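# Descriptive analysis of the structure
Read off the chains here:
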Amino acid sequence: LWLFLCAVLWFGSHLVQAKWPGVPPVPSMGGAVSMALGDRQFSYRMGALTLQTLGDDGGRVTPLKKYDYAKLAAWFGLLKKLDAVSDHVPLIAAYYFGATREPDQARIVANYLSEIGQNPSGEKWRWLTHAVFLARYRANDLDIALSFAEKLAALQLDHGREMPIWARQMPV
């Protein structure tokens, strides 16, 4: 009897596989913080780790073009509100999600990196240079790339910091 039940179970389920649900829904700010028991930094790290491991389910890797970049933009916005200083999510956006070959998807990542890069503190201007690259070479949009480069050239950094000359000359 056990052998028969095992055979029926196996024949009924051996082709069933986990399906990738895509980018998970973005929680509200209150929902994200409450999932981390009120700790905003822990909530940020949970969200960043969620983005970092998207698409690697069940031993399969999902191509970047299959991601919902509109939802990713919402995740980027939420995580920026939770921690505007950390470079964890901009790094994931630039080096992982920015590797897409789809122009519309690259434009979404470039817009996010442009927002982050306009922060005058620290080394945030570097994300604006990534935004210029993505807009120019992945989104193939010279107008947006030029506008990002002009924002970079005009950026005034905190505490008398200086950008390298190549960053100031990016519009050229």
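Everything in this summary refers to the structure shown in the same document. Bear in mind the structure is a predicted one, so any value in this text is a computation, not a measurement.

The next point concerns the overall build of the protein chain. Along the protein chain, the regular secondary structure elements total nine helices and zero strands. A compact globule built from 172 residues would reach a C-alpha radius of gyration of about 16 Å, whereas the protein chain, at 21 Å, exceeds it by more than 25%. For the protein chain, the spread of C-alpha atoms along the three principal axes comes to 80 × 40 × 20 Å. For the protein chain, buried positions account for 35% of its 172 residues. Expressed as a percentage of contacts within the protein chain between residues at least 6 apart in sequence, the contacts between residues at least 24 apart total 66%. If you sum the accessible surface of the protein chain, you get close to 10300 Å²; carbon and sulfur atoms cover 61% of it. Here the protein chain holds 18 positive side-chain charges and 15 negative ones, and the gap between their average locations is 4 Å.

What follows concerns helix α3 (residues 40-52). Between the first and last C-alpha of α3 there are 18 Å, a value that for 13 residues agrees with the 18 Å anticipated at 1.5 Å per step. Restricting attention to buried positions, one finds in α3 the residues Ser43, Tyr44, Gly47, Ala48 and Leu51. Angularly, the buried residues of α3 cover 130° about the axis, an arc narrow enough to put them on a single face. Buried residues along α3 sit against α2 (29-35), α4 (69-82) and α5 (88-95). Capping the start of α3, Asp39 holds a side-chain oxygen 3.1 Å from the backbone nitrogen of Gln41, two or three residues further along.

Let's shift gears to unusual backbone geometry. With glycine set apart, most residues show a phi of negative sign, and most peptide bonds adopt trans. Of note, the phi angle at Asn140 is positive, near 55°, even though the residue is not glycine. By the secondary structure assignment, Asn140 is in the loop between α7 (125-138) and α8 (142-154). Residue classification places Asn140 among the exposed positions, given a relative accessible area of 55%. A positive phi angle, close to 60°, is found at His159, a residue other than glycine. Summarising the element assignment, His159 is placed in the loop between α8 and α9 (165-168).

Another aspect to go through is the side chain of Thr129. Take Thr129: it is sitting in helix α7. Once you skip the residues sitting within four places of it in the chain, Thr129 turns out to touch Leu152, Trp166 and Met170.

Okay, the nonpolar core next. The nonpolar side chains of a soluble globular protein tend to be buried with one another. In this structure, Leu51, Leu72, Phe76, Phe97 and Leu113 are the most contacted members of the largest nonpolar core, which totals 41 residues. Counting only elements with at least two residues in this core, the list comes to α2, α3, α4, α5, α6 (103-117), α7 and α8. For Phe97, the residues in contact, after removing those within four places along its chain, are Leu51, Leu54, Leu64, Tyr67, Tyr69, Leu72, Phe76, Ile92 and Val109.

One full turn of an α-helix is made of 3.6 residues, so residues set three or four places apart face in the same direction. With 14 residues, α4 extends 20 Å between its outermost C-alpha atoms, agreeing within 8% with the 20 Å of an ideal straight helix rising 1.5 Å per residue. Within the span of α4, buried status applies to Tyr69, Leu72, Trp75, Phe76, Leu78, Leu79 and Leu82. End-on view of α4: buried residues confined to an arc of 165°, all on one side of the axis. Seen from the open side of α4, the exposed residues pointing more than 90 degrees away from its buried face are Ala70 and Lys81. On its buried side, α4 packs onto α2, α3, α5 and α6. Among the residues of α4, the N-terminal cap falls to Asp68, whose side-chain oxygen and the backbone nitrogen of Ala70 are separated by 3.1 Å.

Calculation notes
Sequence order sets the numbering: in each chain, residues are counted from 1 along the sequence as written. Selection of residues for local features in this predicted model requires a pLDDT of at least 70, selection of side-chain atom pairs for listing and counting requires 80 or more, and totals for whole chains, interfaces and linings are taken over all residues. For the side-chain quantities, the full set of heavy atoms in the structure was used; hydrogens and water were omitted. Runs of H or I in DSSP of at least four residues are treated as helices and runs of E of at least two as strands, each being numbered from the N terminus. Both definitions apply: the radius of gyration is a C-alpha atom measure, and the globule rule equals 2.2 Å times residues to the power 0.38. Summary of the burial criterion: residues with accessible area below 20% of their type's maximum are buried, those above 50% are exposed, and those between are partly exposed, where the area comes from a 1.4 Å probe applied to protein chains only. In this description, contact between two residues means that some pair of their heavy atoms is separated by no more than 4.5 Å. Working definition of accessibility: Shrake-Rupley area with a 1.4 Å probe, residue cover restricted to the visible protein chains. Asp and Glu are treated as the negative residues and Lys and Arg as the positive ones, with His and the ends of the chain left uncounted. Note on charges: their place is set at NZ of Lys, CZ of Arg, CG of Asp or CD of Glu. Each helix should span, by expectation, one fewer than its residue count multiplied by 1.5 Å. It is the directions from the helix axis to the C-beta atoms that the arc portrays. Polar contacts, as used here, are pairs of N or O atoms within 3.5 Å; protein pairs need one atom able to donate a hydrogen and one able to accept it. Residues neighboring in sequence count only if both atoms are side-chain atoms. Residues enter a nonpolar core if they are buried and are Ala, Val, Leu, Ile, Met, Phe, Trp, Tyr or Cys, with the set joined through side-chain atoms within 4.5 Å.

Honestly, that's just the spatial picture; any functional story needs more than this.
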